[in-house]
Amino acid sequence: TIGSIEYMQDMTPEHCANSSEHQTATLKDKRDNNTYTVAKLKDGKCWMTQNLRLKLDTSTSLKPTDSDVTQNWAPARSTDTASCQSGTRWDQDSEGAKTVRSCYQSESTYNTNGVYYTHTAATAGTAANMNKNGDEATGSICPKGWRLPKPGTIAKSINNDFYNMAQHYIGSMSWYGSSESGYWQNGTNNLLSSPQNFVYSGWRWYEANGVEYVGSYGLWWSSTVRSSNRAYSLYVYSGHVNPMDYYYRRNGFAVRCIAR
């Protein structure tokens, strides 16, 4: 089970399959020795139950031996704290929507909110040249054996990892809109409860506004592209849960990985 392994990179499909519902474990990431709580949720899949805290470094490539990549990837920019405050417009980078940016607010919020990544950073550059609705990144900054969630192109679908998980923790909310692009609204959700432990970590605007809405909203990247400048994400606040929201790829969102 997940309780029998020490490292995130030791995870296999069998470890998750053999675990009981809501079984939890604390695993270490070999890349930086950060530890994460993980759990088998009601969708039958194993999720990280904390936001990823991997700090990218231009001098340190992610490798297939420890990361969710098929070849070495060196980030174009290192993770910093300055751009999580204000004064730096991520949309002014020469790469435009494909920019590799990441930041964390401070040491005091780092363990809770994690690092905020642009979509190209979150996908380890593998989605940079993808522009069509439904295109899937082929890698990510998740540990080896883990990946970004896949929502596909239909919101209310068991093939949407975010929908398939959130439907079990939606509380008193009701579904609004179509199956293709609807969302839950009105009422309260249980996504912030244990063991799933989602947090309102806010997000980093691509404009020079720093991180905003901490404590009110949370957004987590998927591996799926919507268009040349947008990608899909999970969007949560107290009265609304959208399992297939889409926003600008140059924004900084959190990352929660799911076991392969």
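Before reading further, recall that the structure is shown in the block above.
Residues numbered from 1 in each chain as written. Predicted model: local features only at pLDDT ≥ 70, side-chain atom pairs only at ≥ 80, totals over all residues. Heavy atoms only, no water.

> Looking at this structure, how should I read the pairing of strand β12 (residues 230–237)?
Two faces belong to every sheet, and in a regular strand the side chains alternate between them. Of all eight residues making up β12, six are buried, and the element is well covered by its neighbours. Sheet topology note: the strand β11 (residues 217–225)/β12 ladder contains six bridges and is antiparallel. In the sheet register, W220 faces β12, and the bridge partner there is L234. What sits between β11 and β12 in their antiparallel hairpin is a turn of four residues. (Buried < 20%, exposed > 50% of the residue type's maximum accessible area, 1.4 Å probe, protein only. Helix = DSSP H or I, 4+ residues; strand = E, 2+ residues; numbered from the N terminus. Pairing = 2+ DSSP bridges.)

> Would you explain unusual backbone geometry in this entry?
Excluding glycine, residues mostly carry a negative phi; peptide bonds, for their part, are mostly trans. The omega torsion of the bond from S194 to P195 falls at 10°, within 30 degrees of zero and hence cis. For P195, the position within the fold is in the loop between β8 (183–185) and β9 (203–204). Despite not being glycine, N33 shows a phi value in the positive range, around 70°. With respect to the helices, strands and loops of the structure, N33 is situated in the loop between β1 (24–28) and β2 (35–40).

> What should I look at first to understand the pattern of salt bridges in this one?
Two side chains of opposite charge can pair, provided their charged atoms sit close to one another. Inspection of every chain in the model, using the stated rule, returns nine salt bridges. One salt bridge connects R31 with D29, and the closest N-O pair in it is separated by 2.9 Å. With relative accessibility at 18%, the residue R31 sits in the buried group. Here D29 falls in the buried class, since its relative accessible area comes to 0%. A salt bridge links R260 to D68; the shortest N-O distance between them is 2.8 Å. Taken as a pair, R260 in the segment after β14 (258–259) and D68 in the loop between β3 (46–48) and β4 (102–103) lie far apart in primary sequence, 192 residues in all. Several salt bridges share partner residues, and in doing so they unite R77, D93, E95 and R101 into one network. (Salt bridge = Lys/Arg side-chain N within 4 Å of Asp/Glu carboxyl O.)

> Can you walk me through the nonpolar core in this structure?
Proteins that are soluble and globular tend to have nonpolar side chains buried together. Ranked by size, the top nonpolar core spans 39 residues in total, and within it Y117, I141 and W146 carry the most contacts. For this core, the secondary-structure elements that each account for two or more residues are β1, β2, β3, α3 (119–122), β11 and β12. Listed in part, the 20 residues of the second largest apolar core include W47, F162, L234 and I258. (Core = buried A, V, L, I, M, F, W, Y, C linked by side-chain atoms within 4.5 Å.)

> I keep staring at the packing of aromatic side chains and nothing clicks. Help me out?
Aromatic ring pairs are reported here in terms of the distance separating the ring centres and the angle at which the planes meet. Within the structure shown, the criterion is met by 19 aromatic pairs. With a centroid separation of 5.7 Å and 90° between ring planes, the pair formed by Y163 and W175 is classed as edge-to-face. Here the residue Y163 occupies a position in helix α4 (residues 161–166), and W175 occupies one in strand β7 (residues 174–176), the gap between them amounting to twelve residues. Exposure remark for Y163: the relative accessible area of 9% places this residue in the buried category. (Phe/Tyr/Trp six-rings, centres within 6.5 Å; stacked < 30°, edge-to-face > 60°.)

> Explain the environment of R250 here, please?
Relative to the assigned elements, R250 resides in the loop between β13 (240–248) and β14. By relative accessible area, R250 is classed as buried at 15%. Remark: the alpha-carbon pair of R250 and S102, spanning 148 residues in sequence, is separated by 9.9 Å.

> Can you help me understand the state of the cysteines in this one?
Each disulfide is one covalent bond, formed between the sulfur atoms of two cysteines. Throughout the structure, instances matching the rule amount to three disulfides. Covalently, C16 is tied to C46 through a disulfide, its sulfur atoms 2.2 Å apart. Because the sign of the S-S torsion sets the handedness, a value of about 105° for the bond joining C16 and C46 places this disulfide among the right-handed ones. Within this pair, whereas C16 is found in helix α1 (residues 13–17), its partner C46 is found in strand β3, the two being separated by 30 residues in sequence. The class for C46 is buried, based on a relative accessible area of 0%. Paired by a disulfide, C142 and C257 hold their sulfur atoms 2.1 Å apart. Here the disulfide of C142 and C257 is left-handed, its torsion about the S-S bond being about -90°. Of this pair, C142 sits in the loop between α3 and β6 (146–147) while C257 sits in the loop between β13 and β14; the two residues are 115 residues apart in sequence, bridging distant segments of the chain. For C257, a relative accessible area of 0% gives the class buried. Take the cysteines of the protein that form disulfides and number them in order along the sequence; they join up as 1-2, 3-4, 5-6. (Disulfide = S-S within 2.5 Å.)

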